[in-house]
Amino acid sequence: MTTPKEEFMREAIRLSIEKMKAGFGGPFGAVVVRNGEIIARGYNNVITSNDPTAHAEVDVIRKACQALGTYQLTDCELYTSCEPCPMCLGAIYWARPKKVYYGNTKSDAAQAGFDDQFIYNELNKELPERTIPMEQLLPHEALAAFEAWLAKTDREEY
């Protein structure tokens, strides 16, 4: 007997295969579930959208938030065909689902040619040591945006 969790994961896996075969991008799929119902389906569409951020988890988070009219998924679960990459992991933490289920591991992804270890390594480096140079410009002027945010009396914390 299969459980609902297994069925949700099978849907994420099905999407990963179907959309990859259709040429959308890599073999990654995801679904967001709320109260036992799929709210949104997402898949990697990096190739067709010409968007390097169009990973399955980011896609499904955007769709679920639109469907629910919210920017947080605190009462939802996310099922993804693979352990999230660093970018998707960041998006997941911002979306705040109550739990994430994944199929393949990051090691499985690396063996298939999707190795994100270099990003994990970059995050541990000091800024001057990173592969892509980063230089701060106009920090005092940039602070004006944060000062305006802090002065905004009707801001919504998130």
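Above this text sits the structure in question.
Residues numbered from 1 in each chain as written. Predicted model: local features only at pLDDT ≥ 70, side-chain atom pairs only at ≥ 80, totals over all residues. Heavy atoms only, no water.

Enquirer: Looking at this structure, how should I read the layout of surface pockets?
Expert: If you roll a probe as big as a water molecule over the atoms, it shows you where there is empty space left. Considering only enclosed or pocket space, the largest pocket measures out at about 240 Å³ in volume. Taken together, 17 residues make up the lining of the largest pocket; nearest its centre are F28, H55, C85, F114 and D116. Where the lining of the largest pocket is concerned, the elements lending two or more residues are helix 3 (56-68) and helix 5 (106-111). Here the lining of the largest pocket is built from residues that sort into ten nonpolar, three polar and four charged. Roughly 160 Å³ of internal volume is contained in the second largest pocket. (1 Å grid on protein atoms, 1.4 Å probe; cavity = no way out; pocket = protein on both sides within 12 Å on 5 of 7 lines; lining within 4 Å. Points joined across faces, edges and corners; volume = space filled by probe spheres on them. Helix = DSSP H or I, 4+ residues; strand = E, 2+ residues; numbered from the N terminus. Nonpolar A, V, L, I, M, F, W, Y, C, P; charged D, E, K, R; others polar.)

Enquirer: I would appreciate a short explanation of the sheet that holds strand 3 (residues 76-82) in the present structure.
Expert: The strands that make up a sheet pair up through hydrogen bonds in the backbone, lying either parallel or antiparallel. Pairing in this open sheet of four strands is mixed, and the strands run 2-1-3-4 from one edge to the other. Looking at strand neighbours, the two that pair on one side only are strand 2 (37-43) and strand 4 (99-104), the edges of this open sheet. Strand after strand, the sheet turns through a mean of 15° between neighbouring axes, direction not considered. Taken together, the five bridges between strand 1 (residues 29-34) and strand 3 define a ladder with antiparallel strand orientation. (Pairing = 2+ DSSP bridges. Axes fitted to C-alpha atoms, helices over the stretch in contact; angles between N-to-C directions.)

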